[in-house]
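Spelled out from the first residue to the last, the chains are:
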Amino acid sequence: MKSVVILYESKSEYAQEKVFGGKNAFEKTYEWAEKFCEGDIVKIGDCINVAVLLKKMAETALEKKADYIIFTYDDLPFINTEITRQLVEHHLKYHAEYTFQDGYPSGFAPEIINSQACAIMAKLAESNLKEAGEKPLSRTCIYDFLKNDINSFEVETIIAPKDWRLYRFAFNTGCKRDFLSCKGLQECADLEKVDVNNADSLAELAARSVKVLKTLPAFYSIEICEKVSSYAIYNPLSLKKSAQEIMSFDKFAKITDKISDFSEDAVISLSVCGEPLLNPDCLKMAEYVLSKPELSLFLETDGINITEDFCKKIKDCLSDAPKSQKNPYPKLMIAVQLDAFTKEGYAKIRNNSSSEDFDAALKSVSLISSILPACVYPQFIRMNENEEELESFFRFWNEKTSPAAGNFIIQKYDSMAALLPDRKPADLSPLERILCWHLRRDMTILANGDVTICRACMFEKSTGNVFSEDLEAVWHKNDSLLRDYIENNLNERCGKCDEFYTFNF
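Caption draft 1: Representation of the overall build of the protein in the model. Helices and strands together make up the secondary structure of the protein, namely 19 helices and 15 strands. For the protein, whose C-alpha radius of gyration is 24 Å, the value lies close to the compact-globule estimate of 23 Å for 505 residues. Taking all 505 residues of the protein together, the buried fraction comes to 55%. Taking the intrachain contacts of the protein between residues at least 6 apart in sequence as the baseline, contacts between residues at least 24 apart amount to 76%. Accessible area of the protein: about 22600 Å², with a carbon and sulfur share of 48%. Distance between charge centres in the protein, computed from 61 positive and 79 negative side chains, equals 2 Å.

Right, dumping it as structure tokens:
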């Protein structure tokens, strides 16, 4: 049985960095590929969607007269020879059409695809599964496509001794965040003399290394306004009713520039616990974020102040916004805080807020959806006080015919590490505590520029200020907290918090 190794060209600027034992990610991937190729190593690229990728792969296999394809990207410094060998043996032994690994970190292994099966998938991507075929490429796009009709193919897998998926490792150099994770892993392996060719040892090392687990923030929650239209019972600003601070546009723009330079790709959220539209420069701020190629905007609002003019101006800006090659998230997401299905339920959550407010919030969903399709998400924070309306909310907004076309968000209640009363109708936390996603990926920036450990600590002493300090320096001030987390040495605040298993982006 003849194979062909196909590498997808990532065009990563970081893949040229010689930080992996004096070699770069391209060189490491080619070293691996040479052990399995039977002829040329073929590189393909510039595929606009999954259908084009599958077609190119099928054509390459036919040209090379290969029985099966070993496929992956070309920027994987830790792709493992032994796992690949097992995959190939498994694929041939069981006459599989598609073989993959399950449980190891992403970037440790390729996918094996029967050439005839690849040709069939390519035809499906242009016919029966055309919608799935038109989806953009991702590191998991072939498996994601296959899932649409998985019972029609002979699929085999090898399973890792330990499931590492929970960590969401991505050991490639496709973006700055993932490159730093790879670089950190190499540095830790060199320091502790861990064999980088041993996948199990390498994964164990990654799971206890701050350099790997915490690279760059992916989610920035920026408080541009402390004001609210009405205090929801889950909003901690109700404990600080004198809060009125508003961030100026100039200061916001400086923060956004710093974020763009530091993280490159990230989601910017407005506005922690305040109502962003009560900042007179909110539209200007939104447009500034959208003007950055690798940044996405998440706007969390009560919807009361949404206007047609606001939506149209956002639409114009969105149309002109540069397209991202790295950020996997939508450019714009707007969450409207409904938290109820009826006016009575809404009033209960928002301290007897008027029925006009509920009508305005509902109307804003339809308004946003009509001007900015697929951008709006009615939001419901699940609590004891609204639990009886959860099913009705889900059934209505889940329908494609609903004003939001089936988009919605259901969040768990956050007591802010026991700062607020416990209102959870159910405890969904894992039996075993896992590493906190928010310490690893989030940064909360208050209106005065102060950065707190997390949102739950917004009333406590800051760990730095982004107006007066370097953003990277502020980010790493909390590294010791994650190290304590790894060693199961939690401080009192973290011990009271149950948000550790939730993540934003």
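Caption draft 2: Representation of the packing of helix H10 (residues 249-262) against helix H11 (residues 282-290). Packing of H10 against H11 leaves a shortest axis separation of 10 Å and a crossing angle of 20°. Judged by the angle between their axes, H10 and H11 are roughly parallel. Every pair of crossing elements has a handedness; the one defined by H10 and H11 is right-handed. For the pair formed by H10 and H11, the contact residues are Phe249, Phe252, Ala253, Thr256 and Asp257 on the first element and Lys284, Met285, Tyr288 and Val289 on the second. Looking at the contact of H10 with H11, its residues break down into 6 nonpolar, 1 polar and 2 charged.

Caption draft 3: Inspection of the sheet that holds strand S7 (residues 219-222) at higher detail. With mixed pairing, 9 strands are arranged side by side in an open sheet as S12-S11-S10-S9-S8-S7-S13-S14-S15. Edge positions in the open sheet fall to strand S12 (409-412) and strand S15 (464-465), since each of these has one partner strand only. Bridging between strand S9 (residues 295-301) and strand S10 (residues 332-337) involves 5 bridges; their strand directions are parallel. Within S10, the residue paired with Leu297 across the bridge is Leu332. Contacts between H10 and the sheet are confined to S7, strand S8 (266-270), S9 and strand S13 (442-445), with S7 contributing the most and set at about 170° to the helix. Strands in contact with helix H14 (residues 355-371) are S10 and strand S11 (376-382); relative to S10, the strand with the most contacts, it is inclined by about 160°.

Caption draft 4: Representation of the side chain of Asp479. Tracing the sequence through the fold places Asp479 in helix H18 (residues 479-486). Accessibility expressed as a relative area gives 15% for Asp479, which makes it buried. Within the local environment of Asp479, its side chain forms a polar contact with the side chain of His476, the two groups lying 2.9 Å apart.

Caption draft 5: Structural view of the nonpolar core. One finds Tyr220, Ile222 and Leu372 to be the most contacted residues of the largest nonpolar core, which totals 58 residues. With residues up to four places along the chain from it excluded, the contact list for Tyr220 reads Ile259, Phe262, Ser263, Ala266, Val267, Ile268, Ser269, Met443, Ile445 and Leu471. Counting 56 residues, the second-largest nonpolar core is a separate cluster that includes Tyr14, Phe20, Ile158 and Val196.

Caption draft 6: Quick peek at the sheet that holds strand S2 (residues 41-44). Strand order in the open sheet formed by 6 strands is S2-S1-S3-S5-S4-S6, with mixed pairing between adjacent strands. Both outer strands of the open sheet, S2 and strand S6 (155-159), are each paired with one neighbouring strand and no more. In this sheet, adjacent strand axes meet at a mean angle of 25° when their direction is disregarded. With 6 bridges joining them, strand S1 (residues 3-8) and strand S3 (residues 68-73) adopt parallel strand pairing. Paired with Val5 across the strands is Ile70, a residue of S3. Across the sheet, helix H3 (residues 81-93) touches S3, strand S4 (98-102), strand S5 (111-114) and S6, and the angle it forms with S4 is around 140°. Docked against the sheet, helix H4 (residues 115-125) engages S3 and S5, running at close to 85° with respect to S5.

Caption draft 7: Expanded view of helix H1 (residues 25-34). Listed in full, the buried residues belonging to H1 are Ala25, Phe26, Lys28, Thr29, Trp32 and Ala33. The buried residues of H1 occupy an angular sector of 165° when projected down its axis, which confines them to one face. Considering only its buried residues, H1 is in contact with S1, S2, S3 and H3. Near the N-terminus of H1, the side chain that reaches the backbone nitrogen of Phe26, with its oxygen 3.0 Å away, is that of Asn24.

Caption draft 8: Quick peek at the state of the cysteines. Enumeration according to the criterion identifies 0 disulfides in this entry. Cys118 takes part in no disulfide bond, and the closest cysteine sulfur, belonging to Cys141, lies 11 Å away. Counting only cysteine sulfurs, Cys457 is the nearest neighbor of Cys454, a cysteine outside any disulfide, at a range of 4.0 Å.

Caption draft 9: A look at unusual backbone geometry. Of note, the bond from Leu270 into Ser271 is cis; its omega dihedral lies within 30 degrees of zero at 15°. Along the chain, Ser271 falls in the loop between S8 and H11. One non-glycine residue, Asp46, lies in positive phi territory at about 55°. Within the secondary structure, Asp46 sits in the loop between S2 and helix H2 (50-63). Here Asn488, not a glycine, exhibits a phi torsion of approximately 55°, which is positive.

The rules behind each value
Sequence order sets the numbering: in each chain, residues are counted from 1 along the sequence as written. pLDDT decides what is reported in this predicted model: residues at 70 or higher carry local features, side-chain atom pairs at 80 or more are listed and counted, and totals for whole chains, interfaces and linings draw on all residues regardless. Derived side-chain values reflect all non-hydrogen atoms in the structure, with water molecules and hydrogen atoms excluded from consideration. A run of H or I in DSSP becomes a helix once it reaches four residues, and a run of E becomes a strand once it reaches two; helices and strands are each numbered from the N terminus. We compute the radius of gyration over the C-alpha atoms and compare it with the globule rule, which gives 2.2 Å times the number of residues raised to the power 0.38. Classification of residues uses two cut-offs on accessible area relative to the type maximum, computed with a 1.4 Å probe and protein chains only: under 20% is buried, over 50% is exposed, and between them is partly exposed. Contacts are assigned to residue pairs that have any heavy atoms within 4.5 Å of one another. Per-residue and other accessible areas follow the Shrake-Rupley method at a 1.4 Å probe size, with only the shown protein chains counted as cover for residues. When charges are counted, Lys and Arg are positive and Asp and Glu negative, with His and the chain ends excluded. By convention, the point assigned to a charge is CZ for Arg, NZ for Lys, CD for Glu and CG for Asp. Geometry is summarised by axes, namely lines fitted to C-alpha atoms with helices restricted to the contacting stretch, and by angles between N-to-C directions that run from 0 to 180 degrees. Each angle receives one of four descriptions, namely roughly parallel if under 35 degrees, roughly antiparallel if over 145, roughly perpendicular if within 65 to 115, and oblique otherwise. Here a crossing is called left-handed whenever its near helix is offset anticlockwise from the far helix by less than a right angle, and right-handed whenever the offset is clockwise. Each residue is assigned to one of three groups, with Ala, Val, Leu, Ile, Met, Phe, Trp, Tyr, Cys and Pro labelled nonpolar, Asp, Glu, Lys and Arg labelled charged, and all others, Gly among them, labelled polar. Between any two strands, pairing holds if DSSP finds at least two bridges. Whenever two N or O atoms come within 3.5 Å, that pair is a polar contact, provided that in protein one can donate a hydrogen and the other can accept it, and provided that, for residues adjacent in sequence, both atoms are side-chain atoms. Residues belong to one nonpolar core when they are buried, are Ala, Val, Leu, Ile, Met, Phe, Trp, Tyr or Cys, and are joined through side-chain atoms within 4.5 Å. As used here, the arc is the angular range of directions from the helix axis to the C-beta atoms. We call a pair of cysteine sulfur atoms a disulfide when they lie within 2.5 Å.

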